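Chain residues, written in single-letter form:
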Amino acid sequence: MNNENVRILVVDDEPIVLKSLSEWFRDDGYAVGSASTGKEALAKLTEEDWDIFLLDVKMPGMSGLELQKKIKEVNPDAVIIIMTAFASVESAVEALKQGAYDYLTKPFDPEHVGHLIRNAVERKNLAAENVRLKKSLDESILAHDIIGGSGGMREVVEAVETVSKTDTSVLIRGESGTGKELVAKAIHANSRRRYMPMIILNCGALPEGILESELFGHEKGAFTGAQYRRKGKFEMADGGSLFLDEIGDISQKTQVNLLRVLEEKKIRRIGGEREIAVDFRLIAATNKNLEGSVESGLFRSDLYYRLNVFTIRIPPLRERRDDIPSLAEHFLRKYSQTTNKHIESIAPEALERMMNYPWPGNVRELENAIERAVVVCKSNAIQVGHLPMSTVETPRVSAEKTLDAVEREHIRSTLAETDWNISQAARFLNIDRVTLYRKIKKYNIKNP
Amino acid sequence: MAEILIFPVGGVDDSITEFLALSLPETLKLPCKVSDSTISLEGAYDIVREQYYSTKLLERLLLHRAGADTKLLGVASVDLFIPPLSFVFGEAQFNNPAAIISIHRLHQRFYGLPEDASLLYHRCEKEAIHELGHCFGLIHCRDFRCVMYLSYSVEDIDLKSNGFCEKCHAVLRKKL
């Protein structure tokens with residue numbers, strides 16, 4: 001805000017003070033008004049908007065404190081500075097208690113009053129900026145990035161809207177790349193916690209010891225390398241939301257600790273004595289079969305029930321092919337903008353290829369495909385040849401077939417081709433022999 | 001003809017007013033001379049504050065107005081104040097002819113330091129240009145190097161230059 005946009009109203013019964021201060025502020029570029037009584041000030045308050053008020057405490061008729069009350073009734077955000085002589089510092093203290101921004105004792109030090117006004121202007125600017133940012137945040141939440149009009153996605157959006165209004169723990173299920181983090185962000189962004197932090201942690205990416213330290217934080221010297229005290233994710237998410245991705249991968253020990261935190265809402269840093277209260281909403285996600293893990297004893301049933309209060313299942317992309325055009329369009333716009341290219345459309349043949357592709361990597365794979373296509377595209381439309389999967393002949397997969405079914409079929413045919421030579425089949429499938437063995441067991445594929 | 005007339009206010013070292021008469025035309029592009037008249041301090045003293053009321057002295061200075069384009073600069077060696085502030089380095093009439101500066105707080109000795117005549121002259125020049133800038137309708141500038149930057153202390157004065165920033169200079173050009 002430029003100084004000329006800042007309006008200061010000086011209220012004092014001494015004409016000399018009014019004149020001097022008005023001129024002094026005007027030299028600094030502010031828009032200044034003056035009033036010699038409280039009544040006159042109130043009249044000016046109804047005529048125009050003022051940002052800062054300088055009020056003398058002692059005035060005939062209405063005192064500065066009475067005037068302050070009335071101004072606050074009309075304009076609760078008004079910045080009020082009380083001017084007082086040494087003899088009435090008590091009045092200034094009273095004014096501060098009633099919400100005055102600060103007070104000045106006459107005669108003022110020019111530097112003090114100058115800084116006071118600048119700080120008051122900065123405070124007003126920050127408050128206005130805060131309002132603007134919250135408004136733009138609210139607008140962006142309304143148009144959050146969940147794209148798709150298919151039945152499955154409509155259910156997801158409805159579930160997000162329902163659960164956002166509560167503080168319930170949420171478990172998001174879905175294959176890798178379906179957008180579990182995006183859904184978690186939408187829940188946070190629509191909740192009452194949206195102006196507080198959202199902390200994200202991928203549990204699957206960290207070894208047990210580091211995960212514990214990341215979650216709980218640690219005191220200085222808690223273990224070798226703990227040179228400083230550090231807050232954990234639980235503390236960092238205080239007031240907001242904590243998103244724990246790949247929750248199915250956490251160890252039994254971490255499961256116990258997490259359950260305790262969820263029940264007690266208190267944590268203790270590693271190496272610390274003090275209990276710290278934490279208030280966060282937990283959003284967990286997994287692409288694992290948690291029920292199977294509970295059955296096999298790998299995942300605690302009490303934690304499972306604690307997490308599984310409200311579940312959102314995100315369908316894989318192959319089950320919502322109708323969403324592919326709008327998603328592709330969205331990513332095309334996004335990457336055309338970031339790469340500064342003017343690619344306007346996707347050729348019908350390219351879209352056809354995308355519609356027929358099984359997208360085992362889901363929306364993430366689609367996004368990567370479009371990004372790559374935008375990079376290599378030299379014309380104003382994406383062609384089949386620009387798509388990374390164009391080099392592989394992909395048979396059309398029926399919408400009824402799940403990824404598991406496709407995977408099972410592919411493994412079975414590869415094993416048949418290699419006469420059940422596990423090493424050769426694993427090489428062809430580009431997976432480890434042990435992984436192949438597990439998949440044979442999982443899909444119950446038998447050697448004929 | 002447009003010009004700047006300098007008036008000693010009370011007793012002031014001649015060398016300072018003479019220096020200003022020589023240096024101000026360089027920046028303000030107007031002829032400048034020291035008046036033979038002196039502005040009296042009588043009646044402007046506040047016995048409680050032990051300072052002189054600057055606005056009163058400005059009014060007295062205005063009585064010497066010669067022509068419509070003449071700017072009047074009073075130079076005082078005494079400490080000046082305006083009622084709500086504890087002191088002022090100077091005061092000017094916005095878009096009007098009269099300005100006054102005080103050299104009282106521009107001396108190094110005021111801060112317990114050895115006197116530095118050269119520094120004092122430079123400070124006087126900057127404050128004189130600053131207050132005359134207000135007479136030409138300039139407001140305070142955010143650029144700390146510009147002479148129109150609001151100085152709360154001699155350190156601020158020392159930091160800024162004796163010239164106008166591009167923006168202030170453009171405004172001034174229209175007025176001259």
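To be clear, the structure that these remarks concern was listed above.
Structural notes, computed from the coordinates.

What counts, and where the lines are drawn
Residues numbered from 1 in each chain as written. Chains lettered and ligands numbered in written order. Predicted model: local features only at pLDDT ≥ 70, side-chain atom pairs only at ≥ 80, totals over all residues. Buried ≥ 20, exposed ≤ 12 C-beta atoms within 10 Å, placed from the backbone. Helix = DSSP H or I, 4+ residues; strand = E, 2+ residues; numbered from the N terminus. Contact = placed C-beta atoms within 7 Å. Pairing = 2+ DSSP bridges. Axes fitted to C-alpha atoms, helices over the stretch in contact; angles between N-to-C directions. Core = buried A, V, L, I, M, F, W, Y, C linked by C-beta atoms within 7 Å. Nonpolar A, V, L, I, M, F, W, Y, C, P; charged D, E, K, R; others polar.

### Focus: helix α8 (residues 208-216) of chain A
Since there are 3.6 residues in each turn of an α-helix, residues three or four apart along the chain are aligned in direction.
Point 1. What α8(A) keeps buried is the set Leu211(A), Glu212(A), Ser213(A), Leu215(A) and Phe216(A).
Point 2. In this fold, the buried residues of α8(A) make contact with β8 (217-218), α9 (233-236), α10 (252-264) and β11 (266-267) of chain A.

### Things to note about the sheet that holds strand β5 (residues 70-76) of chain B
Either a parallel or an antiparallel arrangement is found when strands of a sheet pair, and the pairing is made through backbone hydrogen bonds.
Residues and elements named next belong to chain B.
Point 1. Here five strands make up an open sheet; going across it, the order is β2-β1-β5-β8-β7 and the pairing mixed. Looking along the sheet, the strands with just one partner apiece sit at the ends: β2 (32-34) and β7 (90-92). Strand-to-strand twist in this sheet, taken as the mean axis angle between neighbours without regard to direction, amounts to 20 degrees.
Point 2. Taken together, the three bridges between β7 and strand β8 (residues 98-102) define a ladder with antiparallel strand orientation. Bridging across to β8, Glu 91 finds its partner in Ile 100.
Point 3. Docked against the sheet, helix α1 (residues 14-28) engages β1 (3-9), β2 and β5, running at close to 170 degrees with respect to β2.
Point 4. Where helix α2 (residues 54-62) meets the sheet, it contacts β1, β5, β7 and β8, and its direction lies at approximately 135 degrees from that of β8.

### Here's the deal with the environment of His169(B)
Point 1. Residue position: His169(B) is located in helix α5 (residues 166-175).
Point 2. Assessed through the 15 C-beta atoms surrounding it within 10 Å, His169(B) is described here as partly exposed.

### Let's talk about the nonpolar core
Point 1. Among the nonpolar cores identified, the biggest contains 53 residues, and Leu57(B), Leu73(B), Val75(B), Ile100(B) and Leu132(B) are the most heavily contacted of them.
Point 2. Here the element with the most residues in this core is helix α3 (residues 117-135) of chain B; it accounts for six residues.
Point 3. Apart from the residues lying within four places of it in its own chain, the contact partners of Leu73(B) are Ile4(B), Ile6(B), Phe7(B), Ala99(B), Ala128(B) and Leu132(B).
Point 4. Counting residues in each nonpolar core, the second largest holds 40 residues, with Met236(A), Ile267(A), Phe299(A) and Ile312(A) among its members.

### Here's the deal with the interface of chain A and chain B
Point 1. Opposite the 16 residues of chain A that make contact, chain B presents 15 residues.
Point 2. If you list the elements that add at least two residues to the side of chain A that touches chain B, you get α1 (15-27) and α5 (110-142) of chain A.
Point 3. In terms of residue count, α1(A) provides more of the side of chain A that touches chain B than any other element does, seven residues in total.
Point 4. Class assignment of the residues belonging to the side of chain A that touches chain B gives a composition of six nonpolar, three polar and seven charged.

### Thoughts on the pairing of strand β13 (residues 281-286) of chain A
Residues and elements named next belong to chain A.
Point 1. Across the six residues of β13, six count as buried, placing the element largely inside the fold.
Point 2. Pairing of strand β6 (residues 170-173) with β13, which is carried by four bridges, proceeds in the parallel orientation. Within β13, the residue paired with Ile 172 across the bridge is Ala 285.

### Some details on the sheet that holds strand β3 (residues 45-46) of chain B
All names here are of chain B.
Point 1. One open sheet accounts for three strands, arranged β3-β4-β6; its pairing is mixed. The strands lining the two open edges of the sheet, one partner per strand, are β3 and β6 (80-81).
Point 2. The sheet contacts of α2 involve β4 (51-53) and β6, and relative to β4 the element is tilted by about 50 degrees.

### Some thoughts on unusual backbone geometry
All names here are of chain A.
Point 1. Backbone torsion omega between Lys 106 and Pro 107 reads -10 degrees, so that peptide bond is classified as cis.
Point 2. Mapping Pro 107 onto the fold places it in the loop between β5 (102-105) and α5.
Point 3. The backbone of Trp 359 shows a phi angle near 50 degrees, a positive value even though the residue is not glycine.
Point 4. Residue position: Trp 359 is located in the loop between α14 (348-356) and α15 (362-376).
Point 5. What makes Trp 359 buried here is the crowd of 24 C-beta atoms within 10 Å.

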